[in-house]
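Report on the structure
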Amino acid sequence: MTDNSASNSTPPPAERGFSMPAEFAPHDACWMLWPQRPDNWRYGAKPAQVAFVAVASAIAESETVFVGVNDDQYENARHQLPAHIRVVELSSNDAWMRDVGPTFLTHSDGRLAMVDWEFNAWGGLNGGLYFPWDKDRRIRIKIAEILGIERFISPLVLEGGAIHVDGEGTLITTEECLLNPNRNPEWNRTDMERLLCDFLGVSKIVWLPRGCYQDETDGHVDNLCCFIAAGEVALTWTDDESDPQHAISYEAREILEKVSDAQGRRLKVHLLPLPGPLTIAETEASGVDRLSGSKPRQPGDRMAGSYVNFYIGNSVVVMPLLDPTHDDEAQNILESLFPSRRVIGVPAREILLGGGNIHCITQQQPKVQA
């Protein structure tokens, strides 16, 4: 394994022929982490663990799944997860592999590599969601060691849920997150675009103003909009103009339908219904331990539920089931968008109660093709 940082003379990944593939491209594996922290997951994460097992089991129909576990939960996780899912000791502060795990890169010669971004728990001491995050910060280097792949060290504070790419040069993100002063106050938009192009091999950045309403990640794009194919995106949507999400989705749609991608194509926008609105119940909030340094869960708080927060596997799409009044509609739309994959709905409210959803707890490892 070789480390390369932007501060030395080594050319950045893009100049060396590496780029980030789209999530809908073939995978070799999926990486997840095991939930356990009692100040984020209610009742010691027992209900959340059931949901994580369901997600891992669904994805494992399509590809190898690795679940990283803290030592004190290893036997419990191994007991709950099916035998064909690989459980590895990989200490973490929480269970959001999309954000703390590596962003994988591939090369046309068959090499796999990764970007090791800076991580500050979604805002550090200025609005971050917990402290400390030291174990999370080491996850990327540990996975690089496990896989024996090259690791490119980026100076950019960035979480995996803040970006989506089409694998053909286009990246979508939000200004609310990437330009937030609690991430990279020393860099402006031009600096950010240069770093994203250098490390991910993209050439066109599509900036959306905001992420989903009340998203505690400061507006991750993966909860609002994602690529489902080259030239096509899915966008969370509501026709209810009184809902704060309407204005957010409307401005995003206006941008997406007018912009062209890196290949000069106009994007086709598919709409997925907004679940809910969904709020935290008193019984759900009361099951979360109150500890200093972590985000409190209050009864009545609105959650940033979204059907866009799904995982695209090799042969399956694993989507969250969040609202019986909209689940079937969302699943039918996804089945029409992914006719070659089986859409599997997983009850995911317990994941949402922790602050994210299926896409947030997973990270695809792309297949390398010489």
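Residues numbered from 1 in each chain as written. Predicted model: local features only at pLDDT ≥ 70, side-chain atom pairs only at ≥ 80, totals over all residues. Heavy atoms only, no water.

1. A few points about helix α4 (residues 134-147)
- Of all bends in α4, the biggest is about 30°, found at R140.
- At its buried positions, α4 is contacted by β3 (27-33), α3 (97-100), β6 (103-107), β7 (112-118) and β8 (150-157).
- At the exit of α4 stands G148, carrying a positive phi of roughly 65°. (Bend = angle between axes of the 7 residues up to and from the residue. Helix = DSSP H or I, 4+ residues; strand = E, 2+ residues; numbered from the N terminus. Contact = heavy atoms within 4.5 Å.)

2. A word on empty space enclosed by the protein
- This model, assessed by the stated rule, comprises four cavities of 30 Å³ or more.
- The computed volume of the largest cavity comes to approximately 80 Å³.
- Lining the largest cavity are 13 residues, and of these M20, R98, I163, H164 and Q364 sit closest to its centre.
- Among the secondary structure elements, those contributing two or more residues to the lining of the largest cavity are β9 (164-165) and β20 (363-366).
- The residue makeup of the lining of the largest cavity, split by class, is five nonpolar, six polar and two charged. (1 Å grid on protein atoms, 1.4 Å probe; cavity = no way out; pocket = protein on both sides within 12 Å on 5 of 7 lines; lining within 4 Å. Points joined across faces, edges and corners; volume = space filled by probe spheres on them. Nonpolar A, V, L, I, M, F, W, Y, C, P; charged D, E, K, R; others polar.)

3. With respect to the side chain of S62
- Within the secondary structure layout, S62 lies in the loop between α1 (46-59) and β4 (64-69).
- Looking at S62, its side chain comes within polar contact range of the side chain of E63, at 3.0 Å.
- Residues in contact with S62, not counting those within four places in the same chain, are G313, N314, S315 and V316. (Polar contact = N/O pair within 3.5 Å; in protein donor to acceptor, adjacent residues only side chain to side chain.)

4. Some points on the environment of G201
- Looking at the element boundaries, G201 is found in the loop between α6 (189-200) and β11 (204-208).
- Between the C-alpha atom of G201 and that of E15, which follows or precedes it by 186 residues, the distance is 8.0 Å.
- Leave out the neighbours within four places in its chain, and G201 touches A14, F18, S19 and L196.

5. Digging into the sheet that holds strand β19 (residues 342-347)
- One open sheet holds the three strands; their spatial order is β17-β18-β19, and the pairing between them is mixed. Both edges of this open sheet fall to β17 (311-312) and β19, since each of them pairs with a single strand only.
- The sheet strands contacting α1 are β17, β18 (316-321) and β19, and the helix crosses β19 at an angle near 170°.
- Relative to the sheet, helix α9 (residues 327-337) contacts β18 and β19, its axis offset from that of β18 by approximately 165°. (Pairing = 2+ DSSP bridges. Axes fitted to C-alpha atoms, helices over the stretch in contact; angles between N-to-C directions.)

6. Things to note about the sheet that holds strand β5 (residues 86-89)
- If you trace the four strands from one edge of the open sheet to the other, you get β5-β4-β3-β20, paired in mixed fashion. Each edge of the open sheet carries a strand with a single partner, namely β5 and β20. Shown here is a sheet whose adjacent strand axes are inclined to one another by a mean of 25°, direction ignored.
- Against the sheet, α1 contacts β3 and β4, and its axis sits at roughly 175° relative to β3.

7. A closer look at the environment of N357
- Mapping N357 onto the fold places it in the loop between α10 (349-353) and β20.
- Residue class for N357 comes out buried when judged on its relative accessible area of 2%.
- C-alpha of N357 to C-alpha of N223: the two residues are 134 residues apart in sequence and 8.3 Å apart in space.
- For N357, the contacting residues outside a window of four places in its chain are W96, N309, P320, L322, A348, I351 and L352. (Buried < 20%, exposed > 50% of the residue type's maximum accessible area, 1.4 Å probe, protein only.)

8. Some details on the environment of D243
- With respect to the helices and strands, the residue D243 is situated in the loop between β13 (232-237) and α7 (244-258).
- As a C-alpha pair, D243 and Y213 span 30 residues in sequence and 9.3 Å in three-dimensional space.
- Discounting chain neighbours no more than four positions away, the residues touching D243 are T238, L274, P277 and R302.
- Engagement of the side chain of D243 in a polar contact is seen with the backbone nitrogen of Q245, the distance being 2.8 Å.

9. Here's the deal with the nonpolar core
- Formed by 95 residues in total, the largest nonpolar core has its most connected members in L256 and F310.
- Tallying contributions element by element places α1 first for this core, with eight residues.
- A113, W117, L195 and L200 belong to the second largest nonpolar core, which has 23 residues in total. (Core = buried A, V, L, I, M, F, W, Y, C linked by side-chain atoms within 4.5 Å.)

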